[in-house]
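# Summary of structural features
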Amino acid sequence: MTTSADQPLDTTLPVKPARLRVPERPVADVPPPGPIYRRRSLPRDLLALVRPGQLPKNLLVVPLALLDAEAAPEGLPVRIAWAILLFTLASSLVYVWNDLRDRDRDRMHPTKCDRPIASGRVGVPTAIAFGGVLALLLAAAALLGPVTAWWPIVAYLCINAAYSSGLKHVPLLDVFLVASGFALRVVQGHLAAGTGIRSWMLVSVFSLCLIFVLGKRRHEMERGGVSHRPALRGYSVQYLDHLIVLCAAVSVTTFLIHLQQAVDTRSADLAVYGSAPFALFAMARYLQLLQVHGDRGGEPTRILLRDRAMLINSLLWALLLGGTLLAHH
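Let me sum up the structure you'll find in this document.

Calculation criteria
- Residues numbered from 1 in each chain as written.
- Predicted model: local features only at pLDDT ≥ 70, side-chain atom pairs only at ≥ 80, totals over all residues.
- Heavy atoms only, no water.
- Salt bridge = Lys/Arg side-chain N within 4 Å of Asp/Glu carboxyl O.
- Helix = DSSP H or I, 4+ residues; strand = E, 2+ residues; numbered from the N terminus.
- Buried < 20%, exposed > 50% of the residue type's maximum accessible area, 1.4 Å probe, protein only.
- Core = buried A, V, L, I, M, F, W, Y, C linked by side-chain atoms within 4.5 Å.
- Contact = heavy atoms within 4.5 Å.
- Axes fitted to C-alpha atoms, helices over the stretch in contact; angles between N-to-C directions.
- Parallel < 35°, antiparallel > 145°, perpendicular 65-115°, else oblique.
- Left-handed = near helix turned anticlockwise from the far one by under 90°.

### Overview of the pattern of salt bridges
Inspection of the entire model under this criterion finds 12 salt bridges. Among the salt bridges present, the one from Asp-99 reaches Arg-115, with a minimum N-O distance of 3.3 Å. Placement of Asp-99 in helix H3 (residues 76–101) and of Arg-115 in the loop between helix H4 (103–106) and helix H5 (116–119) is noted, with a sequence separation of 16 residues between them. Given the relative accessible area of 3%, Asp-99 is considered buried. For Arg-115, a relative accessible area of 23% corresponds to the partly exposed category. Residues Arg-285 and Asp-307 are paired through a salt bridge, measuring 2.8 Å at the closest nitrogen-oxygen approach. Taken together, the positions of Arg-285 in helix H11 (residues 265–291) and Asp-307 in the loop between helix H12 (300–306) and helix H13 (308–328) put the pair 22 residues apart, joining distant regions of the chain. Here the two residues Arg-285 and Asp-307 agree in accessibility, since each one is buried. Via salt bridges that share partners, Arg-51, Asp-99, Asp-106 and Arg-115 belong to a single interconnected network.

### Regarding the nonpolar core
If you look at soluble globular proteins, the nonpolar side chains tend to sit buried side by side. Membership of the largest hydrophobic core comes to 39 residues, with the highest contact counts inside it found for Ile-211, Leu-214 and Tyr-286. Breaking this core down by element, the ones donating at least two residues are helix H8 (173–193), helix H9 (199–224), helix H10 (237–262), H11 and H13. When residues of this core are assigned to their parent elements, the largest contribution, 10 residues, is made by H11. Residues contacting Leu-214, with those up to four places away along its chain left out, are Val-175, Leu-240, Leu-243, Ile-244 and Cys-247.

### Quick word on the packing of H3 against helix H6 (residues 124–144)
In contact at an axis separation of 9 Å, H3 and H6 are set at 160° when each is read in the N-to-C sense. Judged on the interaxial angle alone, H6 and H3 are roughly antiparallel. Crossing handedness for the pair H3 and H6: left-handed. Every residue of H6 that contacts H3 at Trp-82, Leu-86, Leu-89, Ala-90, Ser-92, Leu-93, Val-96 and Leu-100 is listed here: Val-124, Ala-127, Ile-128, Phe-130, Gly-131, Leu-134, Ala-135, Leu-137, Leu-138, Ala-141 and Ala-142.

Right under this line is the structure:
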């Protein structure tokens with residue numbers, strides 16, 4: 001078969017038939033993976049509102065009055081327990097009041113924004129009603145309980161009211177007011193036990209609690225700066241370190257003087273000389289956690305209750321003092 005020379009060749013490629021597109025089924029919008037926030041129950045939020053992790057402070061300070069009791073008078077454990085209950089209710093009321101006043105500022109904080117009132121899980125009317133219930137319980141416990149002298153509770157509430165109203169923004173005054181609340185716990189414990197208040201022990205407890213408050217301020221400055229707490233503008237990390245060392249020296253010295261005066265001459269040397277290494281180690285360990293391991297220095301209560309080295313040191317120290325007290329009595 002021949003073709004004509006002048007007939008052009010067909011150079012076009014064969015065209016494939018177009019495929020019919022089936023419309024895809026719409027896919028429902030799926031939210032991107034992320035953290036799941038579960039709504040807590042109201043009782044649990046109210047419990048978080050009083051900060052149960054801070055309540056052991058009352059247990060650590062008030063029973064110090066037992067060390068000065070010459071004997072165990074009738075009803076002493078009940079009066080001491082009632083004093084702890086009074087300060088537990090008072091501190092819970094203060095926490096609710098502070099969270100109500102600071103809810104706007106707490107919303108801007110990276111961790112405090114999760115507090116029940118700041119996060120909106122507990123409404124303002126509910127928090128006010130809860131605070132009113134705590135106030136009624138505190139008044140009933142003070143008027144009907146076995147503790148007749150409860151003026152430290154009134155002083156504690158007045159100091160915290162002034163603190164929340166604006167004094168917490170004044171540098172130095174803010175930390176001294178917080179530390180005074182622990183000194184008032186010691187006074188309340190002695191009034192409940194009916195024992196005399198020893199001035200050296202009171203100075204030691206006040207300076208020790210001042211160390212904890214200053215350490216917390218130092219931790220806040222390193223983690224969040226000074227924007228969330230105006231009083232921090234009057235501090236620097238170096239200045240706080242100097243204050244902490246000064247208070248540490250005062251606390252250890254006054255505690256050893258208190259021990260020497262609290263026991264007789266036969267066991268005073270054992271109590272003082274034996275307590276010095278434990279007291280210095282406890283102070284050195286706290287400063288290590290604060291300045292070397294800064295992530296653990298902001299919660300003094302957690303350090304005292306969970307740090308293994310601190311717990312072992314406290315146990316051995318308690319055994320020494322307990323043996324000294326048995327020998328004294």
